[in-house]
Amino acid sequence: MTESVDTLSWLDRVEATLNRYHEGLVREVAGRLVKPRNHWPVEELIARSLETIGNTPVLDRRVAELPLASRQTLALIGHSRQPVWALGNLIEMVMALGHENGLGAVLDLLNAGLLFPVLDTFWTNSKVKLATFEHWLGVVGSTTLLVFSPPEIAQRAIGVEFDLPELAVETLSPTTVLEADGAEFLLRLGVLWQRVAESPLRRTQTGGLFKRDVDRVSQDALLNAPPPDALVTVPDLGFWILSLGEVEGVIREQDGEVRAGALPTSWQNGLWSALQSMTANLFRLRVWSPIDGWRGGEEVIGNPFPSAYLLLLMLLAKLEKDRWSDCATLESWLHAHHPFWTGESVRPSQRKPWVETFLLGLAYPLRLVQAARSLEGNTLVRLSPLGRWVLGLGGVPPLPPQFPKTLMVQPNLEIIAYRQGLTPQLIARLTRFASWKTLGAACQLQLEPETVYRALEQGESFDSLARALEQHGTRATPQPVLDSLRTWANKRERITVYPSAALLEFTTPADLNEAITRGLPVVRLSETLALVANEEQIDFRHFRLAGTRDYGLPPERCVEVEEDGVTLIVDVVRSDLMLETELPRFAELIDRNVATGKRRYRLTPASLARARAEGFTLSLLETWFQQRTGDAATPAARLLMQGGQLPSPSLRRHLVLHVEHVEIADGLMQWPPSRERIAERLGPTALSIAEEHLNELILRLGELGIRLRPDAIDSPSADRGS
Amino acid sequence: MPLDSSRSSTSGRLPVKMHRRVCLVQTEDALLAEEILARKKLAQDIVGRLTDRVLLIRPGRVEAVLAELQKMGHTPSLKQGEKETRG
């Protein structure tokens, strides 16, 4: 099933599906569902089809017009409370009911507009529209073909008779009737949620789990321990819970990982609602079977168990009140009528008994069936009142007695939860803020910082947690527990992160005060700055925007550098908060000119030394200059930034030889005897000479007939004061 | 800041400069802000200090800041408009 099935309403799904039909098919389907008297446009036909689905009397007439096999198919979907079924499973059930043409019954429903194909990505991504249902059947995909019928339709077919036998066994009425409390799988789903919340499971490309995670699930003591009232052993119980958790939404796949989802909303509506939801989802499980257990996470095409589960429940529904059946009898009927087991190619391993595992291992904990031991020692089963209600065959059974005071909170942060008082709502609550340690008649939980933080993150507070423990505690919550909860809650409230806030910068403190007086939802940060957690909360009627800066966009150039390379002029109108907070880290504010809207900062050795000490680097300075001025950092800025890290410059005494013409300087630089005595050329006619080479240079120049003026030679000596 | 020289009246519209999509960390006290600023790994992601209790985060670095705060043993709450979500 695609994700959209879960997120759209069923009527939205119908509309989306009809929009993928070719015009001819829409006319054919709407022709039977709506029976239009005129030639309406396709859009109108689709709209009227949706109206018809909401029109109960018309819908009842359309269902009554169907052949018996199709009505029974629709009724089975209605009894299951699961709108989405594998096409193959529907065909199997129709054939098990004695109809030879199972596919024909399903096609009749599709043509009647009472059943719809779940169109996979082949159809939703292509421009090709569905012209016939045979076309849809012919496109071989990698997943099972699914169909759906909205509850509004399928529920109308409930009441259609099935030609099923009453498979009662002759026995004396058993003295003790066993009925589960229905909490077992809820508790284990709670454990699963905690395990995955602690550390996600990683998916392989084939849909399985990595070995480490397979070991985690298969070796988890709480997930795999037999229930205290277990009547049979369920293979791979931990993986059964994992599979159930996936279809219930307790865990969800995201980016190749299985993570904790939301605990089901059905739990908030009480035990019956939670059990009904899990029962409906039984028919969606395709990676676990009562014979093989977990199938490595890979969906097995042609899985006969969903149809077999429903047929078993419908067989039990045929039993008269106070009569019982046994698993072997039911299994025999199934093997004789279900097309999967009547086929000749079925392997012996697939003929192994499994009905007992399903009825006593899954349906019994789900409270769908009651069990009893016959005087002969056989295990007997029949539908429970809840099972009849879930299948749409009986009224809502009375809820079990309520014991709201069911928790014993101990000073060592342990909680004992007595099972008879656990409701789905309370299990969900406990799952969020305490860690399940043991499951049994009395379950043990532990309050831990991590579990409390998790609950706080999900909207709980110290008050709500304390209230919950008070409400359900058999005695007052011990003070050490309240102290721990308060400490953990306070710690969390110490830091608040606003990932996408809006800041309002007021002209004056008086304006900010005025905004607060008007009752605007702002939080004061400073004299002129106020925070709004979400821009949508701002009522712009109160404000005149003098400027807007979006921090999702790259930083804006709003700084000019003066010629000295260290004075920065900020254009306040274009500047932003980042600039306002960045600049004081490495520059000093000199002045602000309100009239011109300019602000001047200066880079100083002290300001940059302070920035360096706080981790500011030359590369950050370079980036800042590029982003804010559009140019590289000035040499002066680099000098100040690198200051103490540069090699120390040396102070040396040199003589400067001035010549009359550039050509003379060029000649001296080129002629080797003179070049070797010249330290460097300082300018076109100025050459630097080290003092120790002076006499040698005088000699060489003398060879050329050039004589230095004595004053030029004497002055250095005079400077030295020798 | 010279947003507008014309004055607002108590019944009129207030001139403001709006900073959109700003990422901030607000601490309970100034000391905690100092502690965060002193964390070397956070220094690169914190643009600066807006007030003694409010730190401005570099755009796009909120996840990294949250992760580092959690490593420090804090349990920051994440506020996105009306709803409060897990940090």
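Residues numbered from 1 in each chain as written. Chains lettered and ligands numbered in written order. Predicted model: local features only at pLDDT ≥ 70, side-chain atom pairs only at ≥ 80, totals over all residues. Heavy atoms only, no water.

**Digging into unusual backbone geometry**
Residues and elements named next belong to chain A. The phi torsion at arginine 81 lies on the positive side, around 60°, for a residue other than glycine. Of note, arginine 81 is situated in the loop between helix 6 (68-80) and strand 1 (84-86). By relative accessible area, arginine 81 is classed as partly exposed at 24%. Residues other than glycine seldom take positive phi values, yet aspartate 255 does so here, at roughly 55°. With respect to the helices and strands, aspartate 255 occurs in the loop between strand 6 (251-254) and strand 7 (257-260). Among the residues examined, aspartate 255 registers a relative accessible area of 68% and is labelled exposed. (Helix = DSSP H or I, 4+ residues; strand = E, 2+ residues; numbered from the N terminus. Buried < 20%, exposed > 50% of the residue type's maximum accessible area, 1.4 Å probe, protein only.)

**Looking at the environment of Phe543(A)**
With respect to the helices and strands, Phe543(A) occurs in strand 20 (residues 543-550). Exposure remark for Phe543(A): the relative accessible area of 5% places this residue in the buried category. It is 79 Å that separates the C-alpha atoms of Phe543(A) and Trp671(A), two residues lying 128 residues apart in sequence. With residues near it in sequence (within four places) discarded, Phe543(A) still touches Leu504(A), Phe506(A), Ala515(A), Leu520(A), Ile538(A), Arg13(B), Leu14(B) and Val16(B). (Contact = heavy atoms within 4.5 Å.)

**Some remarks on the packing of helix 12 (residues 184-198) of chain A against helix 16 (residues 271-282) of chain A**
Residues and elements named next belong to chain A. Helix 16 packs onto helix 12 with a crossing angle of 75° between their chain directions and a minimal axis gap of 10 Å. With respect to each other, helix 12 and helix 16 are oriented roughly perpendicular. Taking contact as the criterion, the partners of Phe185, Leu186 and Leu189 in helix 12 are, on helix 16, Leu271, Ala274 and Met278. (Axes fitted to C-alpha atoms, helices over the stretch in contact; angles between N-to-C directions. Parallel < 35°, antiparallel > 145°, perpendicular 65-115°, else oblique.)

**Some words on helix 23 (residues 449-457) of chain A**
All names here are of chain A. In terms of burial, helix 23 is largely enclosed, as 7 of its 9 residues are buried. For helix 23, the complete set of buried residues consists of Thr451, Val452, Tyr453, Arg454, Ala455, Leu456 and Glu457. Within two residues after helix 23, glycine 459 carries a phi angle of roughly 105°, on the positive side.

**Side note on the domain arrangement of chain A**
According to the domain assignment, chain A contains domain 1 (3-157), domain 2 (177-390), domain 3 (407-476), domain 4 (502-542), domain 5 (559-645) and domain 6 (654-720). A straight line from the C-alpha centre of domain 3 of chain A to that of domain 5 of chain A covers 55 Å. (Domains from an automatic or database assignment.)

**Comments concerning the packing of aromatic side chains**
Residue and element names in this part refer to chain A. The final tally for this structure, using the stated rule, is 18 aromatic pairs over all chains. Members of the aromatic cluster, each reached through a chain of ring pairs, are Phe305, Tyr309, Phe340, Trp341, Trp354 and Phe358. A cation over a ring is seen here: arginine 81 above tryptophan 389, with NZ or CZ 5.1 Å from the ring centre. The side chain of arginine 202 reaches across the aromatic face of phenylalanine 210, ending 4.5 Å from its centre. (Phe/Tyr/Trp six-rings, centres within 6.5 Å; stacked < 30°, edge-to-face > 60°. Lys NZ or Arg CZ within 6 Å of the ring centre and 35° of its normal.)

**Side note on the nonpolar core**
Residue and element names in this part refer to chain A. Counting 164 residues, the largest nonpolar core has Leu114, Trp240, Trp354, Leu359 and Trp436 as the members making the most contacts within it. Apart from residues no more than four positions distant in its own chain, leucine 114 is found in contact with Leu33, Leu59, Arg62, Val63, Leu66, Leu74, Leu109, Ser149 and Ile153. Of all hydrophobic cores here, the second largest spans 21 residues; its members include Cys558, Leu583, Tyr601 and Met641. (Core = buried A, V, L, I, M, F, W, Y, C linked by side-chain atoms within 4.5 Å.)

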